[in-house]
Amino acid sequence: MQRIEVTGRRSVRRQPVEEFAAALQGRTLGVVGRHGKFLVIALDGSQNEALVIHLRMSGQVRLSASLDGRPKHTHVVLGLGGGSEMRFVDPRTFGELFVDRLDVDGRPVSLQAMGPDALDPRLSAAMLHNRITAGRRSLGLKPALLDQRVLAGVGNLYADEALFAAALRPDRRAASLTARQSVMLHRSLRRILRAAIAARGSSLADAAYVDTLGLPGGYAARHQVYARADHPCPRCATPILRIVVAARGTHFCPSCQT
DNA sequence: AAGCACACCTGCTAGC
DNA sequence: TGCTAGCAGGTGTGCT
């Protein structure tokens, strides 16, 4: 990158903007990876550093011709050369970008407290079971799934979908999970996350999520319970219930999820 | 010390 | 028609 523009006040907040820009100046974007909900883009020509991006609720990473008009709420622009640029667009300004060092495992050092990624092939059902149930007397199952220190990468929407697929109530105690139920949950989480990625994500009614080319994802059409309150349960036709768990809209079947 | 409430923020929608 | 209140949620912080 030769040209780094940071116009938004909040999008670069973990480090001084000058430091952020200096770390990117003259570097080339390399391999694109992910840990949990954080995008990790290696910086070639630097020593084990990466551009780390979290979209939070409304962030978008867009690739466009530099000559194209910039969308409203464009907060950071990285000139990529060849007349193209990468733009960080984020109406709600919850999202963020920072440059971080990578540890020996290739994980940004700021993210070391995070649990294993939900799709990490090394994460077994037994490990998931241990992480969810360890030392938790009163925490609910869904809050445990949403805790990125327990498991990285599961947000509100996919927590609801995975719990439905595993036939587990979101408001049951995390510690009550049996080993057998953990196997179901492990399987459901992976199946749903893989299918959602294959469908390029869930774009909801607000179309806040689009890919780098501005295209919406197609997974929302396959949601079984999320944002489907009062619709019949796909398994047993009982109306889907919406409750609030940990201050988040939570959707489940009160009949076949236990 | 685990677990909770709340702040952060804007766009959209429901309701008057 | 035009306004406003309410809602959406990931994560960091601060409180109990």
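Participant: What's the story with the nonpolar core in this structure? I'm lost.
Facilitator: The nonpolar side chains of a soluble globular protein tend to be buried with one another. Formed by 31 residues in total, the largest nonpolar core has its most connected members in Ile 132, Leu 145, Leu 151, Leu 185 and Leu 189. Breaking this core down by element, the ones donating at least two residues are helix 2 (125-133), helix 3 (141-146), helix 4 (156-165) and helix 5 (179-198). Those residues in contact with Leu 189 that sit more than four places away from it in its chain are Leu 128, Leu 145, Leu 151, Val 154 and Ala 162. Listed in part, the 19 residues of the second largest apolar core include Ala 21, Ala 23, Leu 78 and Val 99.

Participant: Can you help me understand the pattern of salt bridges in this one?
Facilitator: Any two side chains of opposite charge can pair, on the condition that their charged atoms come close. Under the counting rule described, the total for this entry stands at 14 salt bridges. Ionic pairing is found between Glu 5 and Arg 3, a salt bridge with its closest N-O pair at 2.7 Å. Accessibility expressed as a relative area gives 24% for Glu 5, which makes it partly exposed. Arg 149 is paired through a salt bridge with Asp 147; the nearest N and O atoms lie 3.0 Å apart. Of the residues examined, Arg 149 reaches a relative accessible area of 57% and is grouped as exposed. Classification of Asp 147 by relative accessible area gives buried; the value is 14%. Each of Arg 3, Glu 5, Arg 70, Glu 85 and Arg 87 takes part in a single network of salt bridges with overlapping partners.

Participant: Before we go on, may I ask you to explain the protein's contact with DNA strand C in this structure?
Facilitator: Around DNA strand C, the surrounding shell holds 13 residues, and the nearest of these are His 54, Met 57, Phe 94, Arg 242 and Arg 248. When atoms of DNA strand C within 4 Å of the protein are sorted by moiety, sugar and phosphate together comprise 66%. The separation between a phosphate oxygen of DNA strand C and a polar side-chain atom of Lys 37 is 3.1 Å. In the surface near DNA strand C, the residues fall into three nonpolar, four polar and six charged.

Participant: I would appreciate a short explanation of the packing of helix 4 against helix 5 in the present structure.
Facilitator: Relative placement of two packed helices is described by the angle separating their axes and the distance separating the axes. At a minimum axis separation of 8 Å, helix 4 and helix 5 run at an interaxial angle of 130°. Considering the angle they form, helix 4 stands oblique to helix 5. The two elements helix 4 and helix 5 meet at a crossing, and its hand is right-handed. When helix 4 is examined against helix 5, the residues Tyr 158, Glu 161, Ala 162, Leu 163 and Ala 165 are found in contact with a partner set consisting of Met 184, Leu 185, Ser 188, Leu 189, Arg 191, Ile 192, Leu 193 and Ala 196. Residue composition of the contact of helix 4 with helix 5, by class: 10 nonpolar, one polar and two charged.

Analysis parameters
- Residues numbered from 1 in each chain as written.
- Chains lettered and ligands numbered in written order.
- Predicted model: local features only at pLDDT ≥ 70, side-chain atom pairs only at ≥ 80, totals over all residues.
- Heavy atoms only, no water.
- Core = buried A, V, L, I, M, F, W, Y, C linked by side-chain atoms within 4.5 Å.
- Buried < 20%, exposed > 50% of the residue type's maximum accessible area, 1.4 Å probe, protein only.
- Helix = DSSP H or I, 4+ residues; strand = E, 2+ residues; numbered from the N terminus.
- Contact = heavy atoms within 4.5 Å.
- Salt bridge = Lys/Arg side-chain N within 4 Å of Asp/Glu carboxyl O.
- Near = heavy atom within 4 Å.
- Polar contact = N/O pair within 3.5 Å; in protein donor to acceptor, adjacent residues only side chain to side chain.
- Nonpolar A, V, L, I, M, F, W, Y, C, P; charged D, E, K, R; others polar.
- Axes fitted to C-alpha atoms, helices over the stretch in contact; angles between N-to-C directions.
- Parallel < 35°, antiparallel > 145°, perpendicular 65-115°, else oblique.
- Left-handed = near helix turned anticlockwise from the far one by under 90°.

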